[in-house]
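Okay, here's what each chain looks like letter by letter:
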Amino acid sequence: MKGKFIVIEGIDGSGKTTQINQLSQWLSGTDLIPENNQLVITREPGGTQLGKSIRSLLLDTSKENSPDSITELLLYAADRAQHVNEIIRPSINKGDWVISDRFCGSTLAYQGYGRKLDIKLIKNLETISTQGVSPDITFLLDIPVEESIKRRINRKDDRIEKEGKEFLSNVSLGFKALSKENKWKKISAMSTKEEILSEIQSAIKNLTRIK
Ligand code: TYD
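What comes next concerns the included structure. Just so it is clear, the model here is predicted, and its values are computed rather than measured.

### Brief notes about the site of the ligand
For step 1, the next point in the chain: Taken together, 18 residues surround the ligand, and among them Asp12, Tyr76, Arg102, Thr107 and Gln111 come closest.
For step 2, the next point in the chain: Thr107 places a polar side-chain atom, nitrogen or oxygen, 2.6 Å from an oxygen atom of the ligand.
For step 3, the next point in the chain: Note that an oxygen atom of the ligand is positioned 3.5 Å from one of the side-chain N or O atoms of Arg155.
For step 4, the next point in the chain: Notes on the ligand: free accessible area 550 Å², of which the protein chains cover 91%.
For step 5, the next point in the chain: Applying the majority rule of atoms within 2 Å of the grid points places the ligand in the largest pocket.
For step 6, the next point in the chain: The element contributing the most residues to the shell around the ligand is helix H4 (residues 104-114), with four residues.

### Observations regarding the layout of surface pockets
For step 1, the next point in the chain: Approximately 680 Å³ is the volume attributed to the largest pocket.
For step 2, the next point in the chain: Looking at the largest pocket, it is lined by 32 residues, and the ones nearest its centre are Asp12, Lys16, Arg102, Arg155 and Glu161.
For step 3, the next point in the chain: Of all the secondary structure elements, the ones that give two or more residues to the lining of the largest pocket are helix H1 (16-28), strand S2 (39-43), helix H2 (49-59), helix H3 (69-93) and H4.
For step 4, the next point in the chain: The residue inventory of the lining of the largest pocket, partitioned by class, reads eight nonpolar, 10 polar and 14 charged.
For step 5, the next point in the chain: Along its surface, the second largest pocket is lined by 20 residues, and Ser134, Pro135, Thr138, Asn182 and Trp184 are the ones closest to its centre.
For step 6, the next point in the chain: Going through the elements one at a time, strand S1 (5-9), H4, helix H5 (119-130), strand S4 (137-142) and helix H7 (165-181) are the ones with two or more residues in the lining of the second largest pocket.
For step 7, the next point in the chain: The class makeup of the residues in the lining of the second largest pocket is nine nonpolar, five polar and six charged.

### Topic: the pattern of salt bridges
For step 1, the next point in the chain: According to the stated counting rule, one finds 16 salt bridges in the structure shown.
For step 2, the next point in the chain: Note that Asp12 and Arg102 form a salt bridge whose closest N and O atoms lie 3.5 Å from each other. Taken together, the residues span a long stretch of sequence, with Asp12 in the loop between S1 and H1 and Arg102 in the loop between strand S3 (97-101) and H4 at a distance of 90 residues.
For step 3, the next point in the chain: Classification of Asp12 by relative accessible area gives buried; the value is 11%.
For step 4, the next point in the chain: Assessed through its relative accessible area of 11%, Arg102 is described here as buried.
For step 5, the next point in the chain: Residue Lys185 is joined to Glu199 by a salt bridge in which the shortest nitrogen-to-oxygen separation is 3.7 Å. In this pair, Lys185 is assigned in strand S5 (residues 185-188) and Glu199 in helix H8 (residues 193-210), connecting sequence segments 14 residues apart.
For step 6, the next point in the chain: Residue class for Lys185 comes out partly exposed when judged on its relative accessible area of 31%.
For step 7, the next point in the chain: You can call Glu199 partly exposed: its relative accessible area is 29%.

### What about unusual backbone geometry?
For step 1, the next point in the chain: In this chain, Glu44 is followed by Pro45 through a cis amide linkage whose omega measures -10°.
For step 2, the next point in the chain: Assignment of secondary structure puts Pro45 in the loop between S2 and H2.
For step 3, the next point in the chain: Of note in this structure, Arg102 is not a glycine but carries a positive phi near 80°.
For step 4, the next point in the chain: One non-glycine residue with positive phi stands out, namely Lys116, at about 70°.
For step 5, the next point in the chain: A relative accessible area of 58% means that Lys116 is categorised as exposed.

### A word on the environment of Ser172
For step 1, the next point in the chain: Here Ser172 is to be found in helix H7.
For step 2, the next point in the chain: Among the residues examined, Ser172 registers a relative accessible area of 7% and is labelled buried.
For step 3, the next point in the chain: Put simply, Ser172 and Tyr113 are 59 residues apart on the chain and 8.5 Å apart in space, counted from C-alpha to C-alpha.
For step 4, the next point in the chain: Not counting residues up to four positions away in its chain, the partners in contact with Ser172 are Ile11, Ile143 and Val145.

### A closer look at the environment of Ile88
For step 1, the next point in the chain: Note that Ile88 resides in helix H3.
For step 2, the next point in the chain: On the basis of relative accessible area, Ile88 is assigned to the buried category, the value being 0%.
For step 3, the next point in the chain: When the C-alpha positions of Ile88 and Ser100 are compared, they lie 8.8 Å apart, and in sequence the two are 12 residues distant.
For step 4, the next point in the chain: Residues in contact with Ile88, not counting those within four places in the same chain, are Phe5, Glu44, His83, Val98, Phe103 and Val133.

What counts, and at which threshold
Residues numbered from 1 in each chain as written. Predicted model: local features only at pLDDT ≥ 70, side-chain atom pairs only at ≥ 80, totals over all residues. Heavy atoms only, no water. Near = heavy atom within 4 Å. Polar contact = N/O pair within 3.5 Å; in protein donor to acceptor, adjacent residues only side chain to side chain. Areas by Shrake-Rupley, 256 points an atom, 1.4 Å probe, with all protein chains shown as cover. 1 Å grid on protein atoms, 1.4 Å probe; cavity = no way out; pocket = protein on both sides within 12 Å on 5 of 7 lines; lining within 4 Å. Sits in = over half its atoms within 2 Å of the grid points. Helix = DSSP H or I, 4+ residues; strand = E, 2+ residues; numbered from the N terminus. Points joined across faces, edges and corners; volume = space filled by probe spheres on them. Nonpolar A, V, L, I, M, F, W, Y, C, P; charged D, E, K, R; others polar. Salt bridge = Lys/Arg side-chain N within 4 Å of Asp/Glu carboxyl O. Buried < 20%, exposed > 50% of the residue type's maximum accessible area, 1.4 Å probe, protein only. Contact = heavy atoms within 4.5 Å.

Structure below.
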């Protein structure tokens, strides 16, 4: 039997890492994942060895290394193609469960709504890089842009995070629109850690009941 593919999306500072840690602890203690299978925790960009090099090209803050928007889009797509082929598809095919910190939704939100690149072009590239692999469920951790900025005040910004408030607002609007359009599970990341986990847990239990 195929495994499950769970994706967590959200703007920077929405608490994806904390939630993924909580979720993986909970999942490992349940019998939802078959005994001979494992839970794979991964991320984009940078889920593979090659992807780590692509990630540093993408997030490098030095001006002279800055990719233009189309190059940026292609680098995220290349990272994804490698990630899908090396990690996600083989894992799901052998029955493992995969949790990915970001996936195609991030490209639509950041490069589509943020950079204003053509959504159709992004979707065409998505078809190429995923070859039909898509999440069983996507969670959007939703926080106000002001809160995202506040939470990251003592952190060093990467190149994308340096784009500033207007860019981030567009990304945030994009995520909300995508969430509606694609029936993602949107969760307020202003709730407590426990409340967020509990919402994620019930959605995952539902998922295993239906499929
Ligand atoms: P992330 O790993 O979430 O950042 P961190 O772990 O440092 O909080 O993501 C890195 C950045 O890449 C983030 O600002 C969002 C951006 N991004 C895109 O612009 N497009 C994409 O397709 C993806 C996957 C990420």
